[in-house]
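Take a look at the letters that make up each chain.
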Amino acid sequence: MNRPTTLRSVNALCRHALVPRDKLGELAEVASRYAVAITPVMADLIDPADLQDPVARQFVPDARERKEAPHERRDPIGDERFSPVEGVVHRYPDRVLLKIVNACAVYCRFCFRREMVGPGRGGLSPKALAAALGYIAGRPQIWEVILSGGDPLILSARRLKSVVAKIRAIPHVKVIRVHTRVPAVAPEHVDAALVRALRAKGKATFVVLHVNHPRELTAQARAACARFVDAGIPMLAQSVLLRGVNDDVETLGALMRKLVECRIKPYYLHHADLAPGTAHLRTTIAEGRALMRALHGRYSGLCQPSYVLDIPDGYGKSPIGPNYLSEDGATIEDFNGRRHIYPPR
Ligand SMILES: *Cc1c(COP(=O)(O)O)cnc(C)c1O
Ligand code: SF4
């Protein structure tokens, strides 16, 4: 295939007409702070003539990233406070994040871990991985291990297979969950060996795809997802609500429908975290709730994610509505916006 490789600098973006030459200076400043990478599949989706392109907004650096808004923070969801050993975040009693790699296939401009991820940040050393697995093995309340990062699926099938085998050997861990953007942004990486590597006899493996715009679900991406589902690995999806990307009900509804058509159940719609320099991509919670209400009014129950906020400083995720039951519990709103007394009189 005669595809360009992943674009990893503002100069490379400029050569492919994704960044105007007169913006190079200010964008180089952004890129020196936050990693840049756009895979060939994603670069192909961007219309260089459209400055508001929803794919470009997610991956092309923006001068506004230099501005830190009030309340934004380096570690927006408080991972560090809950990291007992390197690579593990243990916030909820029954599940842990295991961050085996700190690099990604693409770098999202709104990333909640943007101060931690980047190329060359490396992953867990064999020694650190052993310590992390020892931590999990020593705590029987840990029922689920979530491979996260960075993006664990940038690793080779061989590497993943070895990590999965080690988790599989821990009897009290019953579920292995993988959080990834790779099936959409680098679908060519999802081959039979990679799919096989994630299967663990006796454990349930789930793959959760991070995807924000229906256009990201290309024919190649859909085929990559089908390889997981056909192999008996159920898929869920998580999306981030982003201004100018998916903050209208038609786009959001189209994304959810396309996911369900791929046998992927929408799981979470995340309110954008307070990552530094991302205010221009964040909506208000009121806007998010209005969108969720519109989604509920117009689309199948299969298309409904749960709208969640990761509470700053590590207090975990909570659903943020909208609510349909009145505060006093006396009336309930239907999908058309009409209120009913409950129980009926
Ligand atoms: C998001 C997150 C999870 C997963 O939460 P679910 O609600 O089960 O999807 C687990 N651990 C940490 C530290 C997280 O940030
Ligand atoms: S794929 Fe996830 S971790 Fe990587 S840059 Fe995007 S949001 Fe951040």
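Residues numbered from 1 in each chain as written. Chains lettered and ligands numbered in written order. Predicted model: local features only at pLDDT ≥ 70, side-chain atom pairs only at ≥ 80, totals over all residues. Heavy atoms only, no water.

Colleague: Sorry if this is basic, but what is going on with the domain arrangement of the protein chain here?
Modeller: It is common to give the size of an interface as the accessible area that goes away when the parts come together. Under the domain assignment, the protein chain is made up of domain 1 (10-66) and domain 2 (80-331). Using C-alpha coordinates to define each centre, domain 1 is positioned 24 Å away from domain 2. With both sides pooled, the region where domain 1 packs onto domain 2 buries about 2200 Å², and carbon together with sulfur makes up 57% of that total. Here domain 1 is connected to domain 2 by four salt bridges. On inspection of domain 1 and its partner domain 2, the count reaches 13 residue pairs in polar contact (both at pLDDT 80 or more). When residues of the side of domain 1 that touches domain 2 are traced back to their parent elements, those giving at least two are α2 (24-33), α3 (40-45) and α4 (54-59). The greatest single-element share of the side of domain 1 that touches domain 2, amounting to five residues, is contributed by α4. (Domains from an automatic or database assignment. Buried area = accessible area lost by both parts, 1.4 Å probe. Salt bridge = Lys/Arg side-chain N within 4 Å of Asp/Glu carboxyl O. Polar contact = N/O pair within 3.5 Å; in protein donor to acceptor, adjacent residues only side chain to side chain. Helix = DSSP H or I, 4+ residues; strand = E, 2+ residues; numbered from the N terminus.)

Colleague: Could you clarify how one ought to interpret the nonpolar core in this entry?
Modeller: A general tendency of soluble globular proteins is for nonpolar side chains to be buried together. Residues L98 and F228 are the most contacted members of the largest nonpolar core, which totals 102 residues. Here the element with the most residues in this core is helix α5 (residues 126-137); it accounts for six residues. For this core, the two domains that each supply at least three residues are domain 1 (10-66) and domain 2 (80-331). Excluding anything up to four places from it in sequence, L98 contacts G87, V88, L124, L129, A132, L133, I136, V145, I146, L147, S148 and I167. (Core = buried A, V, L, I, M, F, W, Y, C linked by side-chain atoms within 4.5 Å. Buried < 20%, exposed > 50% of the residue type's maximum accessible area, 1.4 Å probe, protein only. Contact = heavy atoms within 4.5 Å.)

Colleague: Even after reading the chapter, I still don't get the packing of aromatic side chains, so can you show me in this structure?
Modeller: Note on aromatic pairs: each is described by the distance of the centres and the angle between the planes. Enumeration according to the criterion identifies one aromatic pair in this entry. Between the NZ or CZ atom of R95 and the centre of the ring of Y92, over which it lies, the distance is 3.9 Å. In this structure, R114 is placed above the aromatic ring of Y34, and the distance from its NZ or CZ to the ring centre is 3.5 Å. (Phe/Tyr/Trp six-rings, centres within 6.5 Å; stacked < 30°, edge-to-face > 60°. Lys NZ or Arg CZ within 6 Å of the ring centre and 35° of its normal.)

Colleague: Can you help me understand the site of ligand 2 in this one?
Modeller: Ligand 2 sits among C104, V106, Y107, C108, C111, R181 and H210. Residues of the shell around ligand 2, tallied by class, amount to five nonpolar, one polar and one charged. (Near = heavy atom within 4 Å. Nonpolar A, V, L, I, M, F, W, Y, C, P; charged D, E, K, R; others polar.)

Colleague: So what exactly am I meant to see when it comes to the site of ligand 1 here?
Modeller: Near ligand 1, the surroundings consist of V89, R91, Y92, R95, L97, I146, R177, Y267, Y268 and K317. Measuring from an oxygen atom of ligand 1, one finds a side-chain N or O atom of R177 at 2.9 Å. Y267 is positioned such that a nitrogen or oxygen atom in its side chain is 2.6 Å from an oxygen atom of ligand 1. Protein chains shield 93% of the accessible area of ligand 1, which is 390 Å² for the free molecule. Among the elements of the structure, β1 (88-92), β2 (95-99) and β7 (264-271) are those that each provide at least two residues to the shell around ligand 1. Per-element accounting of the shell around ligand 1 gives the leading share, three residues, to β1. (Areas by Shrake-Rupley, 256 points an atom, 1.4 Å probe, with all protein chains shown as cover.)

Colleague: I keep staring at the pairing of strand β5 (residues 204-210) and nothing clicks. Help me out?
Modeller: Side-chain direction in a regular strand flips from residue to residue, so the side chains alternate between the two faces of the sheet. For β5, the tally of buried residues reaches five of seven residues, placing the bulk of the element in the interior. As paired elements, strand β4 (residues 175-180) and β5 share six bridges and run parallel to each other. What sits directly across from H179, in β5, is V208. As paired strands, β5 and strand β6 (residues 235-241) are joined by four bridges and run parallel to one another. If you follow H210 over to β6, its bridge partner there is Q238. (Pairing = 2+ DSSP bridges.)

Colleague: Got a minute to help me understand the sheet that holds strand β3 (residues 144-148) in this structure?
Modeller: Two orientations exist for strands paired in a sheet by backbone hydrogen bonds: parallel and antiparallel. With mixed pairing, nine strands are arranged side by side in an open sheet as β1-β2-β3-β4-β5-β6-β7-β8-β9. Edge positions in the sheet fall to β1 and β9 (316-319), since each of these pairs with one other strand and no more. Adjacent strand axes in the sheet meet at a mean angle of 25 degrees when their direction is disregarded. Note that strand β8 (residues 306-311) and β9 share four bridges and pair antiparallel. Its bridge partner lying in β9, D310 is registered against K317. On the sheet, helix α6 (residues 157-168) packs against β2, β3 and β4 and is oriented at approximately 165 degrees with respect to β3. Here helix α11 (residues 285-298) sits on the sheet in contact with β6, β7 and β8, set at roughly 160 degrees to β8. (Axes fitted to C-alpha atoms, helices over the stretch in contact; angles between N-to-C directions.)

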